[in-house]
Amino acid sequence: MAQIRIDGKEYEVSEGQNLLQACLNLGLNLPYFCWHPALGSVGACRQCALVQYQDENDSRGRLIMGCMTPVADGQRLSLQGETAVNFRAGVIESLMTNHPHDCPVCEEGGACHLQDMTVMSGHTRRRFRGRKRTFNNQQLGPFIGHEMNRCITCYRCLRFYRDYAGGKDLHAYASRNQVYFGRFEDGTLDSIFSGNLVEVCPTGVFTDKPLSKHYSRKWDLQCAPSVCGHCSLGCNTSPGERYGTLKRIQNRFHPDINGHFLCDRGRFGYGFVNHPQRLRTPKLGQGDEQVALSPVDAKAALQRRLQNKEGRLIGIGSPRATLEANYALMRRVGAEHFFSGLNRNDEALIQRMLTLLLSSPNILSMHQAEQADAVLILGEDLMHSAPRLALGVRQAVRSAGRSKAEAIGIPPWQDQAVQIAGQNSANPLFILHSQTGDLDELATASLRAAPQHLARIGFAIAHAINPKAPPVNDLPEQEQQLANQIATALRDATSPLLIAGASARTPALIDACEQIQRALHSCRPHKKAVGLQLVFPEANSLGLALLTRNLHENSLDDAFEAADLQSSRAIILENDLYRRAPPLQVDRFLAKLSDRIVIDMLPNRTALRADMLLPSTSFAETHGVLINNEGRAQRLFPVYPLAQGLAMASSWLSDEPNALQDHCRELLNNLADDDALFRPLNKLFPTADEISNTPFSTPRMPHRYSGRTAMRAQISVHEPQQPVDTETGLGYTMEGLPVYLRALDGEDIRPPIPFSWYPGWNSNQSQHKYHQEQRGLLGSPRAEVRLLPASSPATATPAPTRAAQGPLTTNAVSDWLQPPTAPASPPASNTDSNARPLQLLPHPRGFGTEELSNAAEVIQARCAPPTLTIHPDDAALRGIHDRDQVSILLNDQELILSARLDSGQCPGTCLVPDGMPPFEGYPLPQWSRIVRRGSDPLIGTDREAP
């Protein structure tokens, strides 16, 4: 710690930071623009000036820039010194000479960092009367609006987009004193992290275009803490609502997960909440015979149906439903009649991943993953299946430059100096996948192969690390050399990281990952444990797997077989079965059910077959818990009260005959009592007594919230009583104790902050006031708990699973990883008779794969049409050219796709977009013959890979 003196007061601050950080951590208001907590300092704006004195006798001092000056013991400083105040006022006046006078119509008005800093610097009158600099704006796609005339040249956008996120299509074009930030020409920004420009920009240059279409002032948005539901990483978000419509999603800082940034799918994929066809009324019957019911009548009708004893009642859960909803369904139908809603292949794969997590001694958070010094990605295209983790891997590779700079005395926040010192330094990254990806440019080495063969290479890596691991003797020499290279890099690293997942739907990849981890542990007994990150398919895949880990034969295929044996009725929870199994198989299953009760929010194909349809809530209206890929159980807080006709899925499934109230606390307490692994969930919810004894709730509405009575005056001029939230400690009002005034000591029932605001800091830059090292308000004990251990010593004894009993046997490797042989069948086309069938592989896409975000209009605008990606050599063998329409015969159904030739695709395989029509529900990978569509009859075969 260092002792410094600021304006006559003594402060104790941490060494290693710069003076701007130190002042902000102390709660002092020092203006800035170019500095960012994740991007460091470049000294571009000159706004954080302060005076430094040589000693107590120095009365004049000298000007320094706070963001570029490290903290040192004994420093004597002044923020209020006349020299510093005048300098900052001059800088801001200079910046504002070309800034337009458009605050009343600017979308950032009232929540603008430039406004805050202008007021803070004392600049209230403009003297400039000359002609302002003007630019033409660009069309940057469906996500981002562009207003270049507001730019103050802080370079934040470029530093984030290019340096931090690796984007290549945003540049700074400069001539004399004219600097333009944009693309070479109009067009959609390529990066899946482009939406962060909205929050990174301290002015209104880059704006939220979807918000612009239904704009509300930022201070009129009711907010709540929430969790992104579009992948398994569990990034924290802050949704904003007005007039019962979800208006925007902002990043909510979480030090261990998403930090300061979100991917575009998480930021803009909320459109399904406002979907015009969203289910909002309970209905009975099908087609023209459907009858709308009131919620109370629907609940009573549901109770009567559930009390019917004819036939067996089964429940089908969902990996996108909350933990409470799945548990409520399990309790309602009984554990022996509860099915996960996943096909048998996916269920087995996710349970295999869970087994690995339970036996792993070091499950890393995303922030810890960014500190890794060697990374192996096995069978995942992270930029599409887990984009925020891909951004973390990029930082792990770049951290070598920071380490090199630190070794010569350059602090990590000196961004430009760090880049110059470490420009050619990179930590090793190895990628084993079936196609080239966006991270390949960073990779030390990469390999394209089918998933089964990638698993073989994984086992070869384990054997190269530890000779006791089973050998793979028939690898080509080049691949064996790569395995040795990867083994050496992982063995020599201080903090190696292994990443695998479910995208390739190949359990052998998970087994190979475990073997590598165990081999590394055995040869590094005194070093840091090997880090692990597994990517699950959906937001609550791990939560569902934990809930069903002790059940047997509980897959969707088992439900199909059970319906064949006896008459059954089913409750289907937030799960479109047509995405999980082939359509004909689902049709047969639904036809055999005597009663189909569907609880869902969107009118999918399964919901259209329901005999009773009950509308459920989205994340914006739900109390609940999602468990992310590292075993972190996080709460969802509703942003606004339930609309008429809606109820949470767990409320529909409650035992009380006529009640639709929230009872998440009771469900979680029961689950914690039933299962010791879920016991930490008791800490998530305060008791009713704790909430009632709290003098003030935390308001969801900012204190500037306007028009609460007038906003529904066309309905009634009387303001209705605001609903009471007994579950969270948050209030649906602007009354209450503001978060920045809450006492921190001993207040365990406080909820996390619903929005960022601090006196004088109206923009989202105010979040620095709530970081853990400053005020601790972001670390609410009621927001999350860990169900799986974060880390333990490398010598910890793994859970007693098959893989934990020692390295897998050579016979197991031989059984699982023999190169598959093509099925013997006649040629499938009128081209080359020697053409072998190709292995069909699923490929997740950043836009188009995830079910809920696909319903958002702006996400649909970014979805590329589904194509079949094939290597040019395989295409030539079959007479296929780029953009040809090709036919695939899959499960006796002909599917037509446009061909896309890609030399980065692994020969012998072809990719189809996972989760997009027409490939929802097909258990891939499979072998399939691809034929060119022509005048000859269509011939094709489809057969499971041996």
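For the structure, check the block above.
Residues numbered from 1 in each chain as written. Predicted model: local features only at pLDDT ≥ 70, side-chain atom pairs only at ≥ 80, totals over all residues. Heavy atoms only, no water.

## A look at the overall build of the protein chain
Next, step 1: In terms of helices and strands, the protein chain carries 26 helices and 38 strands.
Next, step 2: For the protein chain, buried positions account for 61% of its 946 residues.
Next, step 3: By sequence separation, contacts in the protein chain at least 24 residues apart represent 73% of the contacts at least 6 residues apart.
Next, step 4: Total accessible area computed for the protein chain in this model is approximately 36,700 Å², and 49% of it derives from carbon and sulfur atoms. (Helix = DSSP H or I, 4+ residues; strand = E, 2+ residues; numbered from the N terminus. Buried < 20%, exposed > 50% of the residue type's maximum accessible area, 1.4 Å probe, protein only. Contact = heavy atoms within 4.5 Å. Areas by Shrake-Rupley, 256 points an atom, 1.4 Å probe, with all protein chains shown as cover.)

## Considering the layout of surface pockets
If a probe as big as a water molecule is rolled over the atoms, it shows which places are left empty.
Next, step 1: Within this model, the largest pocket holds a volume of roughly 1,500 Å³.
Next, step 2: Secondary structure elements with two or more residues in the lining of the largest pocket: helix 1 (19–25), helix 4 (156–164), helix 13 (387–407) and helix 14 (415–421).
Next, step 3: Ranked by the residues each element gives to the lining of the largest pocket, the list is headed by helix 13, at 7 residues.
Next, step 4: Looking at side-chain class alone, the lining of the largest pocket contains 15 nonpolar, 23 polar and 12 charged residues.
Next, step 5: The volume enclosed by the second largest pocket comes to roughly 830 Å³.
Next, step 6: Lining of the second largest pocket is provided by 34 residues; of these, Asp190, Met383, His384, Asp438 and Arg862 occupy positions nearest its centre.
Next, step 7: Only helix 12 (382–385), strand 32 (867–870) and strand 35 (909–913) provide two or more residues apiece to the lining of the second largest pocket. (1 Å grid on protein atoms, 1.4 Å probe; cavity = no way out; pocket = protein on both sides within 12 Å on 5 of 7 lines; lining within 4 Å. Points joined across faces, edges and corners; volume = space filled by probe spheres on them. Nonpolar A, V, L, I, M, F, W, Y, C, P; charged D, E, K, R; others polar.)

## So, the environment of Ala111
Next, step 1: Here Ala111 shows up in the loop between helix 2 (82–95) and helix 3 (113–120).
Next, step 2: Separated by 106 residues in sequence, Ala111 and Arg217 have C-alpha atoms that sit 8.5 Å apart.
Next, step 3: The contact partners of Ala111, leaving out residues within four places of it in the chain, are Lys218, Asn762 and Ser763.

## A word on the pairing of strand 21 (residues 496–501)
The two faces of the sheet receive side chains in turn, since in a regular strand these alternate between them.
Next, step 1: Burial within strand 21 is extensive, with 6 of its 6 residues counted as buried.
Next, step 2: Burial of strand 21 is two-sided: the residues Pro496, Leu498 and Ala500 facing one way and the residues Leu497, Ile499 and Gly501 facing the other way are all buried.
Next, step 3: As paired strands, strand 18 (residues 374–378) and strand 21 are joined by 5 bridges and run parallel to one another. Within strand 21, the residue paired with Val375 across the bridge is Leu497.
Next, step 4: The pairing of strand 21 with strand 22 (residues 531–535) spans 5 bridges and is classified as parallel. Within strand 22, the residue paired with Ile499 across the bridge is Gln533.
Next, step 5: In the classification by handedness, the crossover that spans strand 21, the intervening helix 17 (residues 507–523) and the parallel strand 22 is right-handed. (Pairing = 2+ DSSP bridges. Right-handed = clockwise from strand over helix to strand, strands pointing away.)

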